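A look at the structure
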Amino acid sequence: MSEEKQKQSFFKKVWNSILKIEKYPDMAAEGIGRAFAYLCKIVAILAIVLCIGMMYQTYQILQEGIRYLQNEFPEFSYQDGVLQVSSEERLTIAEENSYVGKTIIDTKTEDEKTINQYINEIEKEGEGIIVLKDKLILKNKAISRNYKL
């Protein structure tokens, strides 16, 4: 093997593997060990790039949620297992690209008939969350759960 082939940098190999198909036999002659090391480096670089992209997307989603809570959501407090929201009417959050479906927040009602209406609304949507003053009801196609706050 010549000195030129042994001293070829990783990025030169990437360049050659993308643009210079005639170099494939030379790279194949380097052996399985070098090919495996090359493949591992490529996979590691792609994984790092994908992780950075996913972290950025997660950061953007969190910032959007924080902005929503700070600017558009009414004041709320949680104490002794009871959630208080400073709104006289129920809040309904139904965004088209939402991962949780429709969200209904009503911390004033204790009426079972009204709660059942909320559950029926969520079932029509397919999935969603109902937040009451002392419990959270989660409904989707797979489960229906009640959580005590």
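Summarised in this report is the structure supplied together with it. (Residues numbered from 1 in each chain as written. Predicted model: local features only at pLDDT ≥ 70, side-chain atom pairs only at ≥ 80, totals over all residues. Heavy atoms only, no water.)

Counted by the stated rule, this structure contains one cavity of 30 Å³ or more. Forming the walls of the largest cavity are Val 85, Ser 87, Glu 89, Arg 90, Leu 91, Ile 105, Asp 106, Thr 107 and Lys 108. Across the lining of the largest cavity, the residue classes tally to three nonpolar, two polar and four charged. (1 Å grid on protein atoms, 1.4 Å probe; cavity = no way out; pocket = protein on both sides within 12 Å on 5 of 7 lines; lining within 4 Å. Points joined across faces, edges and corners; volume = space filled by probe spheres on them. Nonpolar A, V, L, I, M, F, W, Y, C, P; charged D, E, K, R; others polar.)

This brings us to the sheet that holds strand S3 (residues 91-94). Strand order in the open sheet made by the five strands is S3-S4-S5-S6-S7, with mixed pairing throughout. Only two strands of the sheet have a single neighbouring strand rather than two, namely S3 and strand S7 (144-148). Neighbouring strand axes in the sheet, compared pairwise and without regard to direction, differ in orientation by 10 degrees on average. Across the sheet, helix H5 (residues 112-125) lies against strand S4 (102-105), strand S5 (128-131) and strand S6 (135-139), angled at about 170 degrees from S4, the strand it touches most. (Pairing = 2+ DSSP bridges. Helix = DSSP H or I, 4+ residues; strand = E, 2+ residues; numbered from the N terminus. Axes fitted to C-alpha atoms, helices over the stretch in contact; angles between N-to-C directions. Contact = heavy atoms within 4.5 Å.)

Before going further, it helps to examine the pattern of salt bridges. Any two side chains of opposite charge can pair if their charged atoms end up close together. Taken as a whole and assessed by the stated rule, the structure comprises five salt bridges. Here Lys 139 ties to Glu 123 by a salt bridge, and the two come within 3.6 Å at their closest N and O atoms. Of this pair, Lys 139 sits in strand S6 while Glu 123 sits in helix H5, and the two are 16 residues apart along the sequence. A relative accessible area of 12% places Lys 139 in the buried class. One salt-bridge network, held together by shared partners, links Arg 90, Lys 102 and Glu 121. (Salt bridge = Lys/Arg side-chain N within 4 Å of Asp/Glu carboxyl O. Buried < 20%, exposed > 50% of the residue type's maximum accessible area, 1.4 Å probe, protein only.)

On to the nonpolar core. Within the largest apolar cluster, eight residues are counted, these being Ile 104, Ile 115, Tyr 118, Ile 119, Ile 122, Ile 130, Leu 132 and Ile 137. No other element matches the four residues that H5 contributes to this core. Those residues within four positions of Ile 119 in sequence are excluded, and the remaining contacts are Ile 130, Ile 137 and Lys 139. Phe 73, Val 85, Leu 91 and Val 131 belong to the second-largest nonpolar core, a separate cluster that totals seven residues. (Core = buried A, V, L, I, M, F, W, Y, C linked by side-chain atoms within 4.5 Å.)

Just distances and angles here, no functional claims.
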